[in-house]
Amino acid sequence: PVNWRSLGVEFQSLTVADARHRGLTEASAREIESRPAHQKRVFAVYRIAEGSPATGLLREGDLLLSVEGRTVTGFDELEQAAQAEAVTLRVLRDGEEKKLSVPTERLGGVGTERALLWAGALLQEPHRALQVQWGFPKEGVYVARYWFGSPADRYGLRASRRILAVDGKPTPDLDHFLAAVENKPDRGAVRIKSQGLDGKVEVTTLKLDLEFWPTYEFERGPEGWMREPIHASSLPEAGEPALE
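The structure contained in this document is the topic of the report that follows. Fair warning: this is a prediction, and the values are worked out from it, not measured in the lab.

Basis of the calculations
- Residues numbered from 1 in each chain as written.
- Predicted model: local features only at pLDDT ≥ 70, side-chain atom pairs only at ≥ 80, totals over all residues.
- Heavy atoms only, no water.
- Buried < 20%, exposed > 50% of the residue type's maximum accessible area, 1.4 Å probe, protein only.
- Helix = DSSP H or I, 4+ residues; strand = E, 2+ residues; numbered from the N terminus.
- Arc of directions from axis to C-beta.
- Contact = heavy atoms within 4.5 Å.
- 1 Å grid on protein atoms, 1.4 Å probe; cavity = no way out; pocket = protein on both sides within 12 Å on 5 of 7 lines; lining within 4 Å.
- Points joined across faces, edges and corners; volume = space filled by probe spheres on them.
- Nonpolar A, V, L, I, M, F, W, Y, C, P; charged D, E, K, R; others polar.
- Pairing = 2+ DSSP bridges.
- Axes fitted to C-alpha atoms, helices over the stretch in contact; angles between N-to-C directions.
- Core = buried A, V, L, I, M, F, W, Y, C linked by side-chain atoms within 4.5 Å.
- Polar contact = N/O pair within 3.5 Å; in protein donor to acceptor, adjacent residues only side chain to side chain.
- Salt bridge = Lys/Arg side-chain N within 4 Å of Asp/Glu carboxyl O.

Looking now at helix α2 (residues 26–33). Turning to α2, its buried residues are Ser 28, Ala 29 and Ile 32. One side of α2 carries all its buried residues, which in axial view fall inside an arc of 100°. Where the residues of α2 are buried, they touch α1 (16–21) and β3 (42–48).

See the structure below:
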(Lines give C-alpha, C1' and ligand atoms only; values in the text may rest on other atoms or scores of the structure.)
Protein backbone atom coordinates (compact mmCIF):
# COMPACT_ATOMS: atom_id res chain seq x y z
CA PRO A 1 0.00 0.00 0.00
CA VAL A 2 1.11 3.54 -0.72
CA ASN A 3 0.03 6.87 0.69
CA TRP A 4 -0.07 8.93 -2.49
CA ARG A 5 -2.51 11.73 -3.20
CA SER A 6 -3.49 13.40 -6.46
CA LEU A 7 -5.47 16.38 -7.69
CA GLY A 8 -6.93 14.18 -10.40
CA VAL A 9 -5.78 16.69 -13.00
CA GLU A 10 -3.48 16.39 -15.99
CA PHE A 11 -1.55 19.60 -16.72
CA GLN A 12 0.13 20.71 -19.93
CA SER A 13 3.17 22.94 -20.12
CA LEU A 14 2.88 26.25 -22.02
CA THR A 15 5.52 28.74 -23.03
CA VAL A 16 5.27 32.18 -21.49
CA ALA A 17 4.31 33.56 -24.91
CA ASP A 18 1.40 31.11 -25.20
CA ALA A 19 0.30 31.95 -21.66
CA ARG A 20 0.35 35.67 -22.53
CA HIS A 21 -2.04 34.97 -25.41
CA ARG A 22 -4.34 33.31 -22.87
CA GLY A 23 -4.32 36.36 -20.62
CA LEU A 24 -1.29 35.93 -18.36
CA THR A 25 -0.46 39.29 -16.76
CA GLU A 26 2.86 40.99 -17.43
CA ALA A 27 3.79 40.81 -13.74
CA SER A 28 3.34 37.01 -13.69
CA ALA A 29 5.12 36.67 -17.04
CA ARG A 30 8.15 38.64 -15.85
CA GLU A 31 8.40 36.57 -12.68
CA ILE A 32 8.50 33.34 -14.68
CA GLU A 33 10.93 34.75 -17.25
CA SER A 34 13.36 35.57 -14.45
CA ARG A 35 13.72 31.87 -13.66
CA PRO A 36 16.24 29.41 -15.18
CA ALA A 37 15.52 28.30 -18.74
CA HIS A 38 14.09 24.88 -17.78
CA GLN A 39 11.57 26.59 -15.44
CA LYS A 40 10.23 29.17 -17.88
CA ARG A 41 6.81 27.63 -18.35
CA VAL A 42 3.20 27.94 -17.24
CA PHE A 43 0.88 25.07 -16.40
CA ALA A 44 -2.63 24.83 -17.82
CA VAL A 45 -5.34 22.32 -16.95
CA TYR A 46 -5.44 19.86 -19.85
CA ARG A 47 -7.71 17.11 -18.56
CA ILE A 48 -9.66 16.33 -15.38
CA ALA A 49 -10.31 12.78 -14.23
CA GLU A 50 -14.04 12.07 -14.23
CA GLY A 51 -15.34 11.88 -10.67
CA SER A 52 -12.21 13.36 -9.08
CA PRO A 53 -12.58 16.06 -6.39
CA ALA A 54 -11.39 18.67 -8.91
CA THR A 55 -14.47 18.04 -11.07
CA GLY A 56 -16.69 21.11 -10.92
CA LEU A 57 -13.92 23.27 -9.43
CA LEU A 58 -11.25 23.38 -12.11
CA ARG A 59 -11.92 23.63 -15.83
CA GLU A 60 -9.91 22.63 -18.87
CA GLY A 61 -7.84 25.60 -19.99
CA ASP A 62 -7.41 27.17 -16.54
CA LEU A 63 -3.94 28.72 -16.18
CA LEU A 64 -2.25 27.82 -12.91
CA LEU A 65 -0.84 31.00 -11.33
CA SER A 66 0.16 29.74 -7.89
CA VAL A 67 -0.09 26.79 -5.49
CA GLU A 68 -0.35 27.65 -1.79
CA GLY A 69 0.71 31.19 -2.70
CA ARG A 70 3.85 30.11 -4.62
CA THR A 71 4.46 30.21 -8.36
CA VAL A 72 5.00 26.63 -9.52
CA THR A 73 6.86 25.74 -12.73
CA GLY A 74 7.93 22.15 -12.03
CA PHE A 75 5.89 18.95 -12.15
CA ASP A 76 7.62 17.69 -9.02
CA GLU A 77 6.47 20.81 -7.16
CA LEU A 78 2.88 20.09 -8.21
CA GLU A 79 3.12 16.49 -7.08
CA GLN A 80 4.52 17.42 -3.69
CA ALA A 81 1.89 20.11 -3.14
CA ALA A 82 -0.87 17.60 -3.93
CA GLN A 83 0.13 15.39 -0.99
CA ALA A 84 -1.97 17.59 1.31
CA GLU A 85 -5.66 16.78 1.79
CA ALA A 86 -6.58 20.07 0.10
CA VAL A 87 -4.58 22.57 -1.95
CA THR A 88 -5.20 26.29 -2.48
CA LEU A 89 -4.81 27.16 -6.14
CA ARG A 90 -4.95 30.52 -7.89
CA VAL A 91 -5.98 30.17 -11.52
CA LEU A 92 -6.73 32.44 -14.44
CA ARG A 93 -10.01 31.68 -16.17
CA ASP A 94 -11.54 33.78 -18.95
CA GLY A 95 -9.34 36.73 -17.95
CA GLU A 96 -10.38 36.56 -14.29
CA GLU A 97 -8.27 35.30 -11.39
CA LYS A 98 -9.90 32.79 -9.05
CA LYS A 99 -8.73 31.37 -5.74
CA LEU A 100 -9.89 27.77 -5.22
CA SER A 101 -9.48 25.21 -2.47
CA VAL A 102 -9.28 21.87 -4.26
CA PRO A 103 -9.41 18.58 -2.31
CA THR A 104 -7.05 15.79 -3.29
CA GLU A 105 -7.81 12.08 -3.49
CA ARG A 106 -5.82 9.21 -2.06
CA LEU A 107 -4.69 6.64 -4.61
CA GLY A 108 -4.01 2.99 -3.88
CA GLY A 109 -0.98 1.22 -5.23
CA VAL A 110 -2.56 -2.17 -5.89
CA GLY A 111 -4.70 -1.68 -8.99
CA THR A 112 -7.29 -4.29 -9.92
CA GLU A 113 -8.29 -6.51 -7.00
CA ARG A 114 -11.35 -8.27 -8.38
CA ALA A 115 -12.49 -9.54 -11.77
CA LEU A 116 -15.00 -11.87 -13.41
CA LEU A 117 -14.57 -14.31 -16.27
CA TRP A 118 -18.01 -14.39 -17.88
CA ALA A 119 -19.04 -15.65 -21.32
CA GLY A 120 -15.40 -15.53 -22.36
CA ALA A 121 -14.93 -11.89 -21.33
CA LEU A 122 -12.74 -10.58 -18.52
CA LEU A 123 -14.73 -8.00 -16.55
CA GLN A 124 -13.57 -5.55 -13.89
CA GLU A 125 -14.41 -2.16 -12.43
CA PRO A 126 -13.39 0.73 -14.73
CA HIS A 127 -9.77 1.52 -13.94
CA ARG A 128 -8.36 4.99 -13.30
CA ALA A 129 -6.87 5.47 -16.77
CA LEU A 130 -10.40 5.46 -18.18
CA GLN A 131 -11.38 8.30 -15.84
CA VAL A 132 -8.34 10.35 -16.79
CA GLN A 133 -8.01 9.70 -20.51
CA TRP A 134 -11.58 9.07 -21.62
CA GLY A 135 -13.77 10.73 -18.99
CA PHE A 136 -15.42 7.44 -18.00
CA PRO A 137 -17.07 7.47 -14.56
CA LYS A 138 -16.25 4.79 -12.00
CA GLU A 139 -19.65 3.17 -12.44
CA GLY A 140 -20.27 0.20 -14.71
CA VAL A 141 -18.47 -3.02 -15.58
CA TYR A 142 -15.50 -2.71 -17.92
CA VAL A 143 -14.66 -5.36 -20.52
CA ALA A 144 -10.88 -5.69 -20.24
CA ARG A 145 -10.52 -8.41 -22.91
CA TYR A 146 -12.33 -11.29 -24.59
CA TRP A 147 -11.34 -14.68 -25.97
CA PHE A 148 -11.81 -15.67 -29.60
CA GLY A 149 -14.58 -18.20 -30.14
CA SER A 150 -16.34 -17.28 -26.89
CA PRO A 151 -19.92 -15.97 -26.66
CA ALA A 152 -18.47 -12.51 -26.03
CA ASP A 153 -16.59 -12.80 -29.33
CA ARG A 154 -19.47 -14.29 -31.33
CA TYR A 155 -21.99 -11.70 -30.18
CA GLY A 156 -19.79 -8.61 -30.31
CA LEU A 157 -19.03 -7.86 -26.64
CA ARG A 158 -15.64 -6.30 -27.37
CA ALA A 159 -12.86 -5.12 -25.08
CA SER A 160 -12.88 -1.48 -23.91
CA ARG A 161 -16.69 -1.38 -23.64
CA ARG A 162 -18.47 -0.55 -20.38
CA ILE A 163 -21.54 -2.66 -19.51
CA LEU A 164 -24.30 -0.38 -18.22
CA ALA A 165 -27.22 -2.79 -17.83
CA VAL A 166 -28.22 -6.45 -18.19
CA ASP A 167 -31.79 -7.21 -19.25
CA GLY A 168 -32.74 -3.65 -18.30
CA LYS A 169 -31.17 -3.89 -14.82
CA PRO A 170 -28.45 -1.26 -14.17
CA THR A 171 -25.00 -2.69 -13.42
CA PRO A 172 -23.04 0.05 -11.61
CA ASP A 173 -20.58 -2.51 -10.21
CA LEU A 174 -19.59 -6.18 -10.31
CA ASP A 175 -22.02 -7.18 -7.54
CA HIS A 176 -24.99 -5.78 -9.46
CA PHE A 177 -23.76 -7.52 -12.60
CA LEU A 178 -23.51 -10.88 -10.83
CA ALA A 179 -27.00 -10.44 -9.38
CA ALA A 180 -28.35 -9.73 -12.87
CA VAL A 181 -26.84 -12.86 -14.45
CA GLU A 182 -26.81 -15.34 -11.56
CA ASN A 183 -29.99 -17.19 -12.58
CA LYS A 184 -29.28 -17.31 -16.30
CA PRO A 185 -29.29 -20.94 -17.53
CA ASP A 186 -26.91 -22.55 -19.97
CA ARG A 187 -27.85 -21.48 -23.53
CA GLY A 188 -29.88 -18.65 -22.03
CA ALA A 189 -30.05 -15.26 -23.73
CA VAL A 190 -28.77 -12.08 -22.09
CA ARG A 191 -29.50 -8.57 -23.34
CA ILE A 192 -26.56 -6.26 -22.70
CA LYS A 193 -26.47 -2.48 -22.86
CA SER A 194 -22.92 -1.19 -23.21
CA GLN A 195 -20.99 1.97 -24.05
CA GLY A 196 -17.82 2.35 -26.10
CA LEU A 197 -14.94 4.76 -25.62
CA ASP A 198 -16.59 7.07 -28.15
CA GLY A 199 -19.64 7.35 -25.87
CA LYS A 200 -21.98 5.48 -28.23
CA VAL A 201 -24.40 3.10 -26.52
CA GLU A 202 -25.31 -0.26 -28.05
CA VAL A 203 -27.69 -3.05 -27.07
CA THR A 204 -26.84 -6.62 -28.06
CA THR A 205 -28.14 -10.07 -27.15
CA LEU A 206 -25.64 -12.73 -26.11
CA LYS A 207 -26.29 -16.47 -25.80
CA LEU A 208 -24.48 -18.17 -22.93
CA ASP A 209 -22.41 -21.35 -23.20
CA LEU A 210 -21.76 -22.28 -19.59
CA GLU A 211 -20.37 -25.72 -20.44
CA PHE A 212 -17.35 -24.41 -22.33
CA TRP A 213 -17.32 -20.83 -21.04
CA PRO A 214 -18.26 -21.00 -17.33
CA THR A 215 -18.23 -18.06 -14.93
CA TYR A 216 -15.42 -17.51 -12.43
CA GLU A 217 -14.73 -14.81 -9.90
CA PHE A 218 -11.12 -13.77 -9.26
CA GLU A 219 -10.15 -11.89 -6.12
CA ARG A 220 -6.78 -10.78 -4.81
CA GLY A 221 -6.23 -11.67 -1.15
CA PRO A 222 -3.29 -11.78 1.27
CA GLU A 223 -2.02 -14.98 -0.37
CA GLY A 224 -2.50 -13.82 -3.95
CA TRP A 225 -5.24 -14.33 -6.53
CA MET A 226 -8.01 -16.83 -5.76
CA ARG A 227 -10.46 -18.28 -8.30
CA GLU A 228 -14.02 -19.17 -7.33
CA PRO A 229 -16.45 -20.86 -9.75
CA ILE A 230 -19.89 -19.28 -10.17
CA HIS A 231 -23.02 -21.07 -11.42
CA ALA A 232 -21.38 -24.42 -10.73
CA SER A 233 -24.81 -25.98 -10.08
CA SER A 234 -25.92 -25.19 -13.63
CA LEU A 235 -22.98 -27.01 -15.21
CA PRO A 236 -23.00 -30.74 -16.06
CA GLU A 237 -21.04 -33.08 -13.81
CA ALA A 238 -17.89 -34.69 -15.13
CA GLY A 239 -18.88 -37.34 -17.67
CA GLU A 240 -22.45 -36.05 -17.84
CA PRO A 241 -23.59 -34.80 -21.25
CA ALA A 242 -24.68 -31.19 -21.57
CA LEU A 243 -28.37 -30.63 -22.14
CA GLU A 244 -29.34 -28.74 -25.28
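A separate point is empty space enclosed by the protein. The tally for this structure, following the rule as stated, stands at 1 cavity of 30 Å³ or more. Put simply, the largest cavity is a space of about 40 Å³. Lining the largest cavity we find Gly 156, Leu 157, Arg 161, Ser 194, Glu 202, Val 203 and Thr 204. Counting residues per element, the lining of the largest cavity draws most heavily on strand β14 (residues 201–207), which supplies 3 residues. Looking at side-chain class alone, the lining of the largest cavity contains 2 nonpolar, 3 polar and 2 charged residues.

Let us now look at the sheet that holds β3. Read across the sheet, 5 strands follow the order β2-β3-β4-β5-β6 without closing on themselves; strand pairing throughout is antiparallel. Of all strands in the sheet, those with a lone pairing partner are β2 (9–14) and β6 (96–103), marking the two edges. Direction aside, neighbouring strands of the sheet carry axes that sit 40° apart on average. Strand direction decides the pairing type here: β3 and strand β4 (residues 63–67), joined by 2 bridges, are antiparallel. When the bridges of β4 are listed, Phe 43 appears paired with Leu 64.

Relative to the helices and strands, Val 16 is located in helix α1. Along the sequence, Val 16 and Gly 120 sit 104 residues apart, while their C-alpha atoms lie 52 Å from each other. Sequence-distant contacts of Val 16, defined by excluding residues within four places in its chain, comprise Leu 24, Ala 29, Ile 32, Glu 33 and Lys 40.

This paragraph deals with the nonpolar core. Core analysis: the largest hydrophobic core is formed by 23 residues, its most contacted members being Trp 118, Leu 123, Leu 157, Ile 163 and Phe 177. With 5 residues, the top contributor of residues to this core is helix α6 (residues 174–181). Residues in contact with Leu 123, not counting those within four places in the same chain, are Arg 114, Ala 115, Leu 116, Trp 118, Val 141, Tyr 142, Val 143, Ile 163, Leu 174 and Phe 177. Within the second largest apolar cluster, 19 residues are counted, among which are Phe 43, Ala 54, Leu 64 and Val 72.

On to α6. Structurally, the α-helix is built with 3.6 residues per turn, so residues lying three or four positions apart point the same way. Here α6 has its buried residues at Leu 174, Phe 177, Leu 178, Ala 180 and Val 181. The buried residues of α6 all sit within an arc of 160° when viewed along its axis, so they share a single face. A distance of 3.2 Å separates the backbone nitrogen of Asp 175 from a side-chain oxygen at the start of α6, and that oxygen is part of Asp 173.

Okay, the environment of Glu 77 next. Examined against the element boundaries, Glu 77 turns out to sit in helix α3 (residues 75–81). Put simply, Glu 77 and Val 67 are 10 residues apart on the chain and 9.0 Å apart in space, counted from C-alpha to C-alpha. Non-local contacts of Glu 77, meaning those with residues more than four positions away in its chain, are made with Thr 71 and Val 72.

Counted under the stated rule, the structure contains 13 salt bridges. Residues Arg 93 and Asp 62 are paired through a salt bridge, measuring 2.8 Å at the closest nitrogen-oxygen approach. Taken together, the residues Arg 93 in strand β5 (residues 86–93) and Asp 62 in the loop between β3 and β4 connect sequence positions 31 residues apart. The buried category is assigned to Arg 93, whose relative accessible area is 9%. You can call Asp 62 buried: its relative accessible area is 2%. One continuous salt-bridge network, built from bridges that share partners, spans Arg 20, Glu 26 and Glu 33.

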